[in-house]
Structures are given as structure tokens and as C-alpha cells.
Amino acid sequence: DATYGNGAWKSYSRPADSKTGEFGFELPPRDGKYDVYVRIRDTARNMNSHASAPKLALAQIELDTTPPPLPAVTAEEYVRDSSVSVGFTNSAQLDKIVSSWDPSFTDAQLHEPQDRIVFDFPIPEGSLVVPEGTKTLYVRYRDAAQNLGPIRTVIVGYDKTAPTVLGATINYGNRYLANAD
């Protein structure tokens, strides 16, 4: 608190080669916003005045250990182009949308939160084109505290080949109909 009534002194010595120093402390184990006040005391026990302490070293820290929600996504089931447009409906209050064509996210890409993102299908190594077939995109949300949410898969069929018609018969070859159904 700002009166330092429940504060504890913590020893600190700056490394000789450092012009600034850092030290850590623990926050209570629950999410929320915390005001952190610091008073500085030298080895002779001289300390900055209470009135200047909040101006000297005050920080508001928010502890957030809760992961963001599962992405709510929409995408076409089949596409003819080598990309897919994915819609996101619950991406407000996020830091990034994380995407990957690899379930272990080794090729992860970061995107600014937006309602719709177009993802290009990957071209396999040693190939010049994207092969047709099922493509799986993995997406998850990341919040400002760097918490990663659960993974959502977006499965899309890539098919650019028109169907082959070997033959067709209309009305069993009859020229006339007895009713319109």
C-alpha cells in the first residue's frame, strides 16, 4: 500500500557493470491489478521521503494467467483458389491471432486481430505448386499477457479440377414428360 505499512525490505546490489538494476518480487497468486510502490534506502538507512515515493517508483501491474477463449471461426468447406478466407467473431480484446499449417506451430505466424484473414496454402518443399486436397490450418488466440488459448482447426478442401463428365442422360432419354415434377 502507499503508506508502506505492510511492505518488506528487500536487499539489492547492482552488478558493477550495470548502469541500471532490476529485481523481482512475487504478486499474490490471483489475477487482478496491483499497484506497486517502491521506497529506496541506502546502506546508511537514508531513504527517499514518503511524499516522493509514489512519484519516484509506482507501477500498476496486471496479473493475467487466464488464457484467451477458443477462436470462433468460419471458413468455406471447399475452395478453388490456393488460399482460404477465415472469419473470426470473438477476437476482441486480443493481442494477436496465431496461425500455423503445422499442429506444433513450428511455422507460426502472428496476425493483428481482425474480422477476416486470408491464409495462403503452403507450397511443399521441392514443389512449385500447392497440391489439391485437404488442408488443415491451426489457429489460437494470444492475449496481452502472452497467454495462449486453445487451438481451433480449420479444415478446407482445395479442389481446382473441374469434374469429368463421361456421359449424361436426361429424363431417361425420353423427349416428353407426363408431369412437371
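Look a little higher up for the structure.
What counts as what
- Residues numbered from 1 in each chain as written.
- Predicted model: local features only at pLDDT ≥ 70, side-chain atom pairs only at ≥ 80, totals over all residues.
- Heavy atoms only, no water.
- Helix = DSSP H or I, 4+ residues; strand = E, 2+ residues; numbered from the N terminus.
- Buried < 20%, exposed > 50% of the residue type's maximum accessible area, 1.4 Å probe, protein only.
- Contact = heavy atoms within 4.5 Å.
- Areas by Shrake-Rupley, 256 points an atom, 1.4 Å probe, with all protein chains shown as cover.
- Pairing = 2+ DSSP bridges.
- Phe/Tyr/Trp six-rings, centres within 6.5 Å; stacked < 30°, edge-to-face > 60°.
- Polar contact = N/O pair within 3.5 Å; in protein donor to acceptor, adjacent residues only side chain to side chain.
- Salt bridge = Lys/Arg side-chain N within 4 Å of Asp/Glu carboxyl O.

## Examining the overall build of the protein
Link 1 in the chain: Scanning the protein from N- to C-terminus turns up one helix and 10 strands.
Link 2 in the chain: In the protein, the order of α-helices and β-strands from amino to carboxyl end is β-α-β-β-β-β-β-β-β-β-β.
Link 3 in the chain: Per-residue burial over the protein gives 22% buried out of 181 residues.
Link 4 in the chain: Sequence-distant contacts, at least 24 apart, represent 56% of the contacts inside the protein between residues at least 6 apart.
Link 5 in the chain: Accessible area for the protein stands at about 13600 Å²; split by element, carbon and sulfur atoms hold 51% of it.

## Thoughts on the sheet that holds strand S9 (residues 133-142)
Link 1 in the chain: Taking strand neighbours across the sheet as the criterion, the five strands line up as S4-S10-S9-S6-S7 in an open arrangement whose pairing is mixed. At either end of the open sheet lies a strand with only one pairing partner, and these are strand S4 (78-79) and strand S7 (109-111).

## A few points about the packing of aromatic side chains
Link 1 in the chain: Following the criterion strictly, the structure yields three aromatic pairs and no others.
Link 2 in the chain: For the pair Phe121 and Tyr158, a centre-to-centre distance of 5.4 Å together with 50° between the ring planes defines the contact as tilted. Here the residue Phe121 occupies a position in the loop between strand S8 (116-120) and S9, and Tyr158 occupies one in strand S10 (residues 152-158), the gap between them amounting to 37 residues. Neither residue differs from the other here; Phe121 and Tyr158 are each classed as buried.

## As for unusual backbone geometry
Link 1 in the chain: Phi angles above zero are rare outside glycine, and Phe105 is one such case at about 60°.
Link 2 in the chain: Counting through the fold element by element, Phe105 comes out in the loop between strand S6 (96-100) and S7.
Link 3 in the chain: We note that Gln146 has phi near 75°; this positive angle belongs to a residue other than glycine.
Link 4 in the chain: By the element assignment, Gln146 lies in the loop between S9 and S10.

## With respect to the sheet that holds S8
Link 1 in the chain: Taking strand neighbours across the sheet as the criterion, the three strands line up as S3-S5-S8 in an open arrangement whose pairing is antiparallel. What marks the edges here is a single partner per strand, and that holds for strand S3 (73-74) and S8.
Link 2 in the chain: Sheet topology note: the S3/strand S5 (residues 83-88) ladder contains two bridges and is antiparallel. Bridge pairing links Thr74 to Gly87 in S5.

## A look at the side chain of Asn147
Link 1 in the chain: You can see Asn147 is positioned in the loop between S9 and S10.
Link 2 in the chain: Polar side-chain contacts of Asn147 include one of 3.4 Å to the backbone oxygen of Thr66.
Link 3 in the chain: Other than its neighbours up to four places away in sequence, Asn147 contacts Asp64, Thr65, Thr66, Pro67, Pro68, Tyr141 and Arg142.

## Describing the environment of Lys160
Link 1 in the chain: Within the secondary structure layout, Lys160 lies in the segment after S10.
Link 2 in the chain: With 78 residues separating them in the primary sequence, Lys160 and Ser82 have C-alpha atoms 8.6 Å apart.

## Here's the deal with the pattern of salt bridges
Link 1 in the chain: In the structure shown here, the tally under the stated rule is two salt bridges.
Link 2 in the chain: With a closest N to O distance of 2.6 Å, Arg142 and Asp95 form a salt bridge. Within this pair, whereas Arg142 is found in strand S9, its partner Asp95 is found in the loop between S5 and S6, the two being separated by 47 residues in sequence.
Link 3 in the chain: Exposure remark for Arg142: the relative accessible area of 15% places this residue in the buried category.
Link 4 in the chain: One salt bridge in this structure joins Lys96 and Glu112, with 2.2 Å as the shortest N-O distance.

## Regarding the pairing of S8
Link 1 in the chain: Residue alternation in S8 divides its side chains into a buried set, Ile117 and Phe119, and an unburied set, Arg116, Val118 and Asp120.
Link 2 in the chain: Pairing analysis gives five bridges linking S5 to S8, with the strands arranged antiparallel. For Gly87, the partnering residue across the bridge sits in S8 and is Arg116.

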